[in-house]
Every structure is written in C-alpha cells, then in structure tokens.
Amino acid sequence: MTQTRVKDVVIVGGGTAGWITASMLVKFLGPVINIHLIESEKIGRVGVGEATIPPILRLNRLFNINEDEMMSACGATVKLGIKFDNWGHKGESYLHGFGHNGVHLNNLQFHHYWLRAKELGIDADYWDFSPNWQASKAHKFAHNVRGKNGLSDLIYAYHFDALLFAGFLRKFAEKLGVKRTEGIVTNVNLNAEDGFIKSVSMESGEEIKGDLFVDCTGFRSLLLGEALGVPYVDWSKWLPCNRAVACGSSRVEPLPPYTRAAAHDAGWQWTIPLQHRNGEGHVYCSDFMEADEAEKILRDNVAGDFIGPANHIKFTTGHRKEFWHKNCVGIGLSSGFLEPLESTSIHLIQRFAGKLVDQFPAWPIQDGLRKEFNRQTLHEFGLIRDFLVLHYHRTDREDTEFWKYCKHMEIPETLSDKMELFQSSAKLRWDPEDVFADPSWAQVMIGQGMMPDQYQTRATAMNKTQLEQFFAQMRQMIESTLKDVPSHSDYINRYCQTDIS
Ligand SMILES: Cc1cc2nc3c(=O)[nH]c(=O)nc-3n(C[C@H](O)[C@H](O)[C@H](O)COP(=O)(O)OP(=O)(O)OC[C@H]3O[C@@H](n4cnc5c(N)ncnc54)[C@H](O)[C@@H]3O)c2cc1C
C-alpha cells in the first residue's frame with residue numbers, strides 16, 4: 001500500500017512553544033519531513049514563563065542538552081518546589097516540593113502514618129520529612145545526595161530566562177535542519193473547498209505553503225483562533241485571575257532554590273530567582289483590583305531592587321475548544337492557558353509537542369488521530385486545572401472579596417470528588433496522566449489546611465513508640481544526607497555560572 005505523507009510542516013511563532021515543537025519534530029521526524037518556522041522579532045515573545053517542573057529534564061535527554069551549559073546560557077537556577085505563603089491561612093507557609101515527604105511503608109503513603117502520629121499526640125511537622133523542604137530552607141542543592149533506606153535524590157526543575165531558553169533551543173533545532181524565516185505573517189490562506197490552511201502570506205509578499213501548520217503565535221492564536229475560528233472555552237469561573245504585571249528585581253542572597261508564590265488580596269505574586277536577576281510578577285483578578293494597585297503591590301513587595309518597566313499582561317484561563325482542528329495544531333498560549341501558579345505551561349508545550357510526534361498524521365489527515373490528540377490534551381489540561389483550583393478554593397481566607405469568592409465558588413465535580421475522598425479517608429485518586437502525582441496532591445491538600453477525618457487502617461499497625469523511632473530515623477537520614485550538600489549559590493558558581501549581567 002502506498003501512503004501519502006505529510007511532508008511540509010509550517011510552525012508560526014518562535015517563542016518557547018515554537019522552538020520546543022520544532023526541536024521535537026526535527027529530532028524524531030527530521031529525516032522525513034521539512035520543518036519551517038516563522039517568527040517575528042518585531043512582535044517578540046511573551047517574555048514570561050521562567051519556572052518549570054521536573055519533566056523538563058526529559059528535554060535534556062531528548063535533545064542531548066548539557067545541563068550546565070544550558071543553565072549558564074539561560075541564567076538558570078535550581079527549583080526544588082514552590083513555597084506558598086498566605087494561601088490556606090494568612091501567616092502560614094508550606095512548600096509544594098517535588099518528590100515525596102517521608103517514605104512509603106508497607107505500600108502505604110507516608111501521610112497516613114503522619115496522621116496516625118498526630119492522633120497519638122506525636123509532635124511532628126509533615127514537612128520535617130521533606131528532603132526538598134529541608135534543602136530549600138537551608139538554600140542548598142547538589143545532585144546524587146541519595147541517602148540510605150529509601151531517601152530519594154533531590155527532585156528538581158529549573159528557573160531560567162524564558163527569552164534565552166527559546167534562543168537556546170533555536171540553535172539546537174536549526175543545527176538539525178529547521179528552516180527559519182524572520183518576518184510577520186499577515187494572512188492565513190484557506191482552501192475554498194475544505195477550509196484547511198493552504199499557506200501563510202508574509203509582510204514581505206512571500207507565500208509559505210504547508211501540509212500541516214502548528215500555531216505557536218501566543219495569545220493571538222492567529223491560525224487556530226483567528227483564521228479557523230476555533231472558539232475559546234473560558235474557565236475563569238474556576239480560575240478568576242486574568243491579569244499579570246511582571247518586572248525584574250535585583251538578585252538577593254542567599255539564592256533560594258525554590259519559587260515563591262505569595263498570596264495577596266486579589267491574587268498572588270511570584271518570585272523566581274535567576275542568576276542575574278529575579279523574575280517577579282503579580283497575578284490578579286481585574287474584577288477585584290485595578291492595574292495601578294496591582295503594580296503598586298508588586299513594587300512594594302519585590303525581593304530585590306525593582307527593575308522596570310512593569311509589563312502588564314491580560315489573559316483568560318481556558319483553552320481552544322479543539323487543540324487540533326483541520327490541519328492546524330495549536331501549541332503553547334495559542335491553544336490555551338492555565339495561569340502560572342504551578343508553572344505548567346512549558347510542560348504542556350512539551351507534552352503537546354510529544355503527542356504530535358506520537359500521532360503525526362499521514363495525508364489525508366486521519367480524523368481518528370486528531371480526535372485522540374484532542375481527547376488526551378483536554379484531559380491533561382483538566383487535571384492541571386483541578387490542581388490549580390484546589391489552591392484557591394481550599395482556604396480559610398475570607399478577608400477580601402476575592403478570597404470569599406474563591407472559598408465559596410462552585411468547583412468542578414472531578415475536584416470535589418477528590419477532595420471528599422481525601423477528607424474522609426486520606427486516600428488520593430491517582431490518574432496516570434496527571435503530572436502531579438500523589439505526593440503533590442497530599443502536600444497541597446495538607447498545606448492548604450485539609451486534615452482528613454480518617455487514615456488507612458494499615459497505619460494502625462505502628463504503635464506510638466514505633467512511629468517515634470520511624471520519624472527519628474527519617475529526620476536523622478535527611479539531616480545527615482544534607483549536611484555536606486553545598487549551598488545553591490556554591491553549586492551554581494562551581495558548575496554553571498552565567499556571564500549574563
Ligand atoms: C503572566 C505569565 C506567567 C507565566 N509563567 C510561566 C511559568 O512560570 N512557567 C511556565 O511554564 N509558563 C509560564 N507562562 C506561560 C509561558 O510564558 C508560555 O507558555 C511560553 O512562554 C510559550 O509562549 P508561546 O511560545 O506560546 O508564545 P510567545 O512567547 O508569545 O511567542 C509567540 C511567537 O509568535 C510570533 N508571532 C506572533 N504573531 C506573529 C505573526 N503575525 N507573524 C510572525 N510571528 C508571529 C512571535 O514573534 C513569537 O515568536 C506564563 C505566562 C504568563 C502570561
């Protein structure tokens with residue numbers, strides 16, 4: 001049987017989405033397809049998106065990226081988790097650390113033992129048993145710190161300069177044969193008979209044809225949204241923040257190996273430590289706060305000295321009804337946006353680009369593949385949405401109208417079921433497609449103030465003395481493991497110091 005193949009792929013947009021997609025396609029399909037990326041320096045990139053989650057490390061393996069080189073080129077630092085201040089309760093903090101708190105015993109998650117210990121009157125903070133929190137507090141990081149008896153290595157991701165990271169990937173993709181055209185796309189041309197995209201017209205007058213188009217044009221969604229008219233599904237009733245104001249600030253010492261997410265009156269502020277500056281931004285809801293006030297709060301709370309100008313960004317949390325429509329796949333902001341609370345957008349780009357490789361079509365495009373792509377991507381979007389909504393909804397805060405709204409809003413049933421299950425039994429519902437596994441859900445649920453009514457019966461097999469010994473042993477393991485670990489700054493200076501000033 002002879003098959004016709006999709007041969008010419010045109011990616012419009014060269015932000016993180018465009019260059020990750022180009023790199024992924026060229027890596028796996030380079031010998032058999034032509035990849036052409038169009039971007040406009042005049043339009044530029046969104047310029048935020050500086051915190052990541054651990055699956056980003058897979059890109060290093062896929063693209064043979066030398067971690068130290070990448071970190072140095074992008075002013076990157078290490079991220080062990082996100083420190084949430086004032087979320088569940090004003091004045092309280094917790095870390096959503098990557099990796100586990102404590103260790104499983106008898107195939108039962110640690111939090112069940114911790115709950116039993118609480119009931120027996122043992123005084124122990126859940127985060128005493130988080131290697132990532134203990135390392136974060138001490139501003140430490142190193143690879144291969146694995147201790148004895150099951151303590152894992154520090155699980156980490158990166159903070160990096162988003163503009164530099166896209167540029168870094170560009171070099172990789174171009175080296176493998178991706179063709180790049182600089183310029184502005186002014187028109188998207190559709191076939192009259194089937195409405196598929198035939199070509200894009202450039203400001204220069206050039207016309208670029210393709211079989212498959214990838215829309216990476218950012219919030220504008222020039223192909224999927226504007227040209228093909230795929231509607232946007234608005235999720236703001238669950239995630240009401242719709243504005244951000246971003247700036248830089250001077251680096252502070254000691255260098256934190258975590259992102260800070262501090263809740264404010266109508267949203268929250270990120271602080272992302274890079275080697276050469278901090279990335280800072282205040283995400284808020286315009287129904288509850290004006291832009292001037294949001295900027296003032298940001299300026300008053302930056303970690304170092306304010307570096308302007310402040311960049312005001314509008315967004316709506318949600319997604320295009322279809323991520324793949326006809327012969328156009330949306331990847332990145334063009335396809336949807338989940339606000340940045342858990343740093344998931346770059347991860348979703350990576351996932352979508354991987355799925356496109358996995359379900360790369362022949363010609364004519366198989367509708368089954370397209371539908372399956374849309375099913376999988378929407379499912380992943382929904383899982384992350386629920387995790388984000390949890391942070392806003394499970395709170396004691398009612399001190400402002402915004403927090404009152406979040407506390408009392410209706411939430412997706414998928415989330416209310418998970419919360420009910422945890423509240424009644426400390427059980428977590430695991431979905432293999434959820435990037436946030438049980439340890440993440442347990443940390444955020446407990447961190448936001450949920451205290452389950454029951455724990456699993458298996459935990460009662462440990463009596464008070466046994467639990468005290470178990471806890472003492474774990475504390476000692478973490479302490480002795482981290483004792484010789486260098487500071488985050490020393491680690492960076494030794495292996496991947498940047499020369500960006
Ligand atoms: C406030 C905020 C904070 C965020 N924080 C994080 C975070 O911490 N972690 C995370 O993972 N993600 C974060 N994100 C998301 C992240 O920034 C994006 O997912 C990521 O940068 C990818 O953006 P993009 O490539 O889709 O769009 P962009 O960076 O906007 O790139 C769009 C590209 O399209 C090109 N383009 C547009 N129109 C045309 C045209 N007509 N002709 C030619 N070229 C065109 C532009 O030149 C550019 O190259 C954040 C987003 C926001 C809004």
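The shown structure was predicted, so the numbers you read here are calculated from the model rather than taken from an experiment.

Caption draft 1: View of a negative patch on the surface. A contiguous patch of negative charge on the surface is contributed by Asp265, Glu290, Asp292 and Glu293. Counting through the fold element by element, Glu290 comes out in the loop between β17 (278–284) and α8 (291–301). Since its relative accessible area comes to 59%, Glu290 is described here as exposed.

Caption draft 2: Fine view of the sheet that holds strand β21 (residues 328–330). Pairing in this open sheet of six strands is mixed, and the strands run β8-β3-β2-β12-β21-β20 from one edge to the other. Only two strands of the sheet have a single partner each, and these edge strands are β8 (179–182) and β20 (324–325). Taken strand by strand, helix α1 (residues 16–29) contacts β2 (8–12), β3 (34–39), β8 and β12 (212–215), and its axis lies near 170 degrees from that of β3.

Caption draft 3: Region of the structure containing the packing of α1 against helix α9 (residues 345–358). Across the interface, α1 lies against α9 with an axial gap of 9 Å and an inter-helix angle of 30 degrees. As the angle between them shows, α1 and α9 are arranged roughly parallel. Crossing hand, α1 versus α9: right-handed. The residues of α9 that touch α1, namely those facing Thr16, Ala17, Ile20, Thr21, Met24, Leu25, Phe28 and Leu29, are Ile346, Ile349, Gln350, Ala353, Gly354, Leu356 and Val357. Within the contact of α1 with α9, the residues separate by chemical class into eleven nonpolar, four polar and no charged.

Caption draft 4: Quick peek at the site of the ligand. In the vicinity of the ligand there are 34 residues, among which Gly14, Val48, Ala51, Val185 and Ile346 approach most closely. At 3.0 Å from an oxygen atom of the ligand is found a main-chain nitrogen or oxygen belonging to Ala17. Here Leu333 contributes a backbone N or O atom positioned 2.9 Å from an oxygen atom of the ligand. When isolated, the ligand has an accessible area of 1000 Å², and the protein chains bury 97% of it. Among the secondary structure elements, those contributing two or more residues to the shell around the ligand are α1 and α9. With three residues, α9 is the single largest residue contributor to the shell around the ligand. Looking at the shell around the ligand, its residues break down into 17 nonpolar, 13 polar and four charged.

Caption draft 5: Up close: the packing of aromatic side chains. Throughout the structure, instances matching the rule amount to 38 aromatic pairs. The interplanar angle of 50 degrees and the centroid separation of 4.7 Å between the aromatic rings of Phe129 and Phe471 together place this pair among those described as tilted. Placement of the pair is Phe129 in the loop between α4 (110–119) and α5 (131–137) and Phe471 in helix α14 (residues 464–483), with a sequence separation of 342 residues. For Phe129, a relative accessible area of 1% corresponds to the buried category. Look at Phe471 and you get buried, because its relative accessible area is 1%. The ring of Phe306 has Arg299 sitting right over it, with the charged end atom 4.0 Å from the ring centre. The cationic tip of Arg385 hangs over the ring face of Trp238; the distance from NZ or CZ to the ring centre is 4.7 Å.

Caption draft 6: Spatial organisation of the pattern of salt bridges. A full pass over the atoms with the stated rule returns 26 salt bridges. For Glu174, the salt bridge identified is with Arg170, shortest N-O distance 3.0 Å. Here the residue Glu174 and the residue Arg170 both occupy positions in helix α6 (residues 162–175), the gap between them amounting to four residues, near one helical turn. Residue classification places Glu174 among the partly exposed residues on the basis of a relative accessible area of 30%. Two residues, Asp367 and Arg370, come together in a salt bridge whose shortest N-O distance is 2.7 Å.

Conventions used here
Residues numbered from 1 in each chain as written. Predicted model: local features only at pLDDT ≥ 70, side-chain atom pairs only at ≥ 80, totals over all residues. Heavy atoms only, no water. Patch = residues over 30% accessible without salt bridge, like charges linked within 9 Å, V, L, I, M, F, W, Y side chains within 5 Å. Areas by Shrake-Rupley, 256 points an atom, 1.4 Å probe, with all protein chains shown as cover. Salt bridge = Lys/Arg side-chain N within 4 Å of Asp/Glu carboxyl O. Lys, Arg positive; Asp, Glu negative; His and termini not counted. Charge placed at Lys NZ, Arg CZ, Asp CG, Glu CD. Helix = DSSP H or I, 4+ residues; strand = E, 2+ residues; numbered from the N terminus. Buried < 20%, exposed > 50% of the residue type's maximum accessible area, 1.4 Å probe, protein only. Pairing = 2+ DSSP bridges. Contact = heavy atoms within 4.5 Å. Axes fitted to C-alpha atoms, helices over the stretch in contact; angles between N-to-C directions. Parallel < 35°, antiparallel > 145°, perpendicular 65-115°, else oblique. Left-handed = near helix turned anticlockwise from the far one by under 90°. Nonpolar A, V, L, I, M, F, W, Y, C, P; charged D, E, K, R; others polar. Near = heavy atom within 4 Å. Polar contact = N/O pair within 3.5 Å; in protein donor to acceptor, adjacent residues only side chain to side chain. Phe/Tyr/Trp six-rings, centres within 6.5 Å; stacked < 30°, edge-to-face > 60°. Lys NZ or Arg CZ within 6 Å of the ring centre and 35° of its normal.

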